[in-house]
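One letter stands for each residue in the lines below.
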Amino acid sequence: MLHQFLILNSGVTLHNLKETKNTIFQNDDTLTLQETKDGSISLKSHTFNESFHCLSGAHKESIDKFLRPSEIDCYRGIDKLNILDVCVGMGYNSGSLMESLINNSIYFHWWGLELDSRPLKIALGHTKFSSTWSSQVLENFKQIDENSHWVNKTGVGKMIWGDARQTIKRIHKNIFFDLILLDAFSPQQCPQLWSEEFLTALFSKLSTNGRLITYSRAASVRSSLRRQGLTIKSIIPTDSNSQAWSYGTIAFNGEVDADKQHMQKAWKDLSDMEEEHLCTIAAIPYRDPSGKSTALEINTRRKIEQKQSTLKSTSSWKKRWFNAKNT
Ligand SMILES: C[S@@+](CC[C@H](N)C(=O)[O-])C[C@H]1O[C@@H](n2cnc3c(N)ncnc32)[C@H](O)[C@@H]1O
């Protein structure tokens with residue numbers, strides 16, 4: 001059952017928590033704490049009108065949709081792994097990844113991009129969160145929260161706070177990532193981080209053979225990634241009873257070595273249904289040429305382009321693939 005709390009243990013609302021600190025970001029967002037079905041805590045953003053995680057489990061989601069497709073086994077023996085977490089939030093995706101890297105003795109350099117410092121701070125104040133992680137991972141999180149960086153035997157970490165569209169430009173031009181995790185709110189709510197321009201900026205930071213992983217299976221996102229020349233695969237749902245037809249997308253830079261990179265059977269080629277999705281108006285990208293547009297501006301721009309498009313409607317695609325199955 002889903003539990004929601006507006007009041008923290010300390011007795012202040014999450015909204016008030018922000019007001020007791022210096023306002024670092026132009027962000028007046030109330031966050032509501034939620035408990036998810038696997039017992040891990042999550043948040044709901046009222047500005048984005050969306051939960052941070054699916055309510056079946058915040059921790060579970062980070063494993064199913066981000067750690068598993070990372071296929072950490074492939075990197076055993078490597079000197080160092082470069083990771084970029086876009087939208088760190090409470091840190092579940094990075095935490096799950098760090099645990100696995102430490103267990104596999106893989107040294108890593110980590111960068112995080114995040115607008116709001118509250119989600120990690122709130123998470124760290126909750127025992128349900130802190131008891132999830134080993135002492136080393138917890139220490140990395142505390143260092144991010146207090147100093148925005150860490151250096152220790154697990155690796156080196158650096159958090160860059162602010163709008164990821166701008167902060168990505170602050171990563172040195174010679175740094176490329178083996179893994180990029182993209183966990184923004186949905187494209188409808190946060191199109192800023194799914195625009196063709198932002199995805200192009202992420203692609204330019206992928207190393208040869210690097211991979212970008214996201215929970216999104218949106219046709220617009222997949223089409224934008226494919227236009228970059230990336231090889232797109234669909235993340236296979238872990239739950240066989242799940243209605244979900246995909247847990248997201250992996251975009252590989254360069255050839256995919258199926259023998260080496262497919263050990264965990266985390267992904268598959270796009271099905272005919274998924275390919276056809278990319279031929280509908282749902283595949284029209286979000287555009288943000290200035291890198292400064294609001295969500296409304298980007299969504300409006302896309303709606304106009306969709307109206308003018310000669311691509312098939314998404315409803316006809318849905319009818320063909322979903323109604324047929326349900327009747
Ligand atoms: C779905 S949540 C991420 C959940 C996170 N990965 C976790 O495990 O807790 C989306 C996050 O994106 C952040 N965000 C929203 N707009 C952003 C922007 N323009 N730049 C960077 N981060 C942004 C929000 O503050 C929020 O923490």
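Residues numbered from 1 in each chain as written. Predicted model: local features only at pLDDT ≥ 70, side-chain atom pairs only at ≥ 80, totals over all residues.

### Focus: the overall build of the protein chain
The line we're drawing: The helix count covers DSSP runs of H or I at least four residues long, the strand count covers runs of E at least two residues long, and both are numbered beginning at the N terminus. We call a residue exposed when 12 or fewer other C-beta atoms sit within 10 Å of its C-beta, buried when the count reaches 20 or more, and partly exposed for counts in between; the C-beta positions come from the backbone. In this description, a residue-residue contact is defined by the distance between C-beta atoms placed from the backbone, which must lie within 7 Å.
Tallying secondary structure elements over the protein chain gives 13 helices and 13 strands in all. For the protein chain, with 327 residues in total, the buried portion stands at 40%. The long-range share in the protein chain, meaning contacts at least 24 apart out of those at least 6 apart in sequence, stands at 71%.

### Thoughts on the site of the ligand
This is how the line gets drawn: Only the C-beta atom, placed from the backbone, is used; a residue is near a molecule or strand if that atom lies within 6 Å of it.
Among the 22 residues in the neighbourhood of the ligand, the closest are listed as Cys87, Gly89, Met90, Tyr92 and Ala164. Looking at the shell around the ligand, the elements with two or more residues in it are helix 3 (92-103) and strand 6 (108-114).

### Let's talk about helix 6 (residues 135-147)
Heads up, the condition is: The span expected for a helix works out to 1.5 Å for each residue beyond the first. This arc corresponds to the set of directions leading from the helix axis out to the C-beta atoms.
An ideal rise of 1.5 Å per residue puts 18 Å on 13 residues; helix 6 measures up with 17 Å between its terminal C-alpha atoms. All buried positions along helix 6 are accounted for by Val137, Asn140, Phe141 and Ile144. Along helix 6, the residues classed as buried sweep out an arc of 95° about the axis, all on the same side. In this structure, helix 6 carries Ser135, Glu146 and Asn147 as exposed residues pointing more than 90 degrees from its buried face. Tucked into the core, helix 6 has its buried residues touching helix 3, strand 6, helix 4 (118-124), strand 7 (149-152) and strand 8 (155-161). Immediately downstream of helix 6, the backbone of Ser148 shows phi near 65°, a positive value.

### So, the nonpolar core
Generally speaking, nonpolar side chains in soluble globular proteins are found buried as a group. How we decide: Any nonpolar core is a set of buried residues, restricted to Ala, Val, Leu, Ile, Met, Phe, Trp, Tyr and Cys, that join up through C-beta atoms within 7 Å.
Core analysis: the largest hydrophobic core is formed by 68 residues, its most contacted members being Ile83, Val86 and Ile180. With 5 residues, the top contributor of residues to this core is strand 9 (residues 177-182). Other than its neighbours up to four places away in sequence, Ile83 contacts Leu97, Phe108, Trp110, Phe177, Asp178 and Leu179.

### Some words on the pairing of strand 5 (residues 81-86)
For clarity, the cut-off: In this description, strands pair whenever DSSP reports at least two bridges between them. Look down the strands so they point away from you; if the path from the first strand over the helix to the second goes clockwise, the crossover is right-handed.
With 5 of 6 residues buried, strand 5 lies mostly within the body of the structure. By the bridge criterion, 6 bridges tie strand 5 to strand 6 in an arrangement that is parallel. Directly across from Leu84, in strand 6, lies its bridge partner Trp111. Handedness of the β-α-β unit built from strand 5, helix 3 and strand 6 comes out right-handed. Pairing of strand 5 with strand 9 involves 4 bridges; the strand directions are parallel.

### Notes on the packing of helix 3 against helix 6
Worth spelling out the cut-off: Axis definition: a line fit to C-alpha positions, over the contact stretch in the case of helices; interaxial angles, taken between N-to-C directions, run 0 to 180 degrees. If an angle is under 35 degrees, it is roughly parallel; if it is over 145, roughly antiparallel; if it lies from 65 to 115, roughly perpendicular; otherwise it is oblique. Should the near helix be turned anticlockwise from the far one by less than a right angle, the crossing is termed left-handed; should it be turned clockwise, right-handed. By the convention adopted, Pro, Cys, Tyr, Trp, Phe, Met, Ile, Leu, Val and Ala count as nonpolar, Lys, Arg, Asp and Glu as charged, and the other residues, Gly among them, as polar.
At a closest axis distance of 9 Å, the pairing of helix 3 and helix 6 adopts a crossing angle of 135°. Classified by the interaxial angle, the pair formed by helix 3 and helix 6 is oblique. Crossing angle aside, the handedness with which helix 3 passes helix 6 is right-handed. On helix 6, the residues that touch Gly95, Met98, Glu99 and Ile102 of helix 3 are Gln136, Val137, Asn140 and Phe141. Of the residues assigned to the contact of helix 3 with helix 6, the class counts are 4 nonpolar, 3 polar and 1 charged.

### So, the sheet that holds strand 11 (residues 231-235)
Pairing is mixed across the open sheet formed by 9 strands, whose spatial order is 7-8-6-5-9-10-12-11-13. Looking at the sheet topology across the chains shown, the edges are occupied by strand 7 and strand 13 (267-268). In the sheet, strand 6 pairs with strand 8 via 7 bridges, with the strands oriented parallel. Residue pairing across strands places His109 opposite Val156, the latter belonging to strand 8. The sheet strands contacting helix 3 are strand 5, strand 6 and strand 9, and the helix crosses strand 5 at an angle near 165°.

### A closer look at the pairing of strand 11
Along strand 11, 4 of the 5 residues are buried, which leaves the element largely enclosed by surrounding structure. Relative to strand 12 (residues 249-252), strand 11 runs antiparallel, the two sharing 4 bridges. The partner of Ser234 across the bridge, within strand 12, is Thr249. Sheet analysis places strand 11 next to strand 13, joined by 2 bridges and oriented antiparallel. The residue of strand 13 that forms the bridge with Ser234 is Lys268.

### Let's talk about the confidence of the model for the protein chain
The cut-off we apply is this: Values of pLDDT, the confidence the predictor places in each residue, fall between 0 and 100.
When pLDDT is averaged across the protein chain, the result is 89; 87% of the residues are at 70 or more. Residue range residues 1-26 is modelled with pLDDT below 50. Its contacts to residues more than four positions away, or to other chains, number 25 contacts.

### Some words on the packing of helix 2 (residues 58-70) against helix 3
Running from amino to carboxyl end, helix 2 crosses helix 3 at an angle of 55°, the nearest separation of the two axes being 8 Å. Classified by the angle between their axes, helix 2 and helix 3 sit oblique to one another. Crossing angle aside, the handedness with which helix 2 passes helix 3 is right-handed. Here Ala58, His59, Ser62, Ile63, Phe66, Leu67 and Ser70 of helix 2 come into contact with helix 3, specifically with Tyr92, Asn93, Ser96, Leu97 and Ser100. A breakdown of the residues in the contact of helix 2 with helix 3 according to their chemical character gives 6 nonpolar, 6 polar and no charged.

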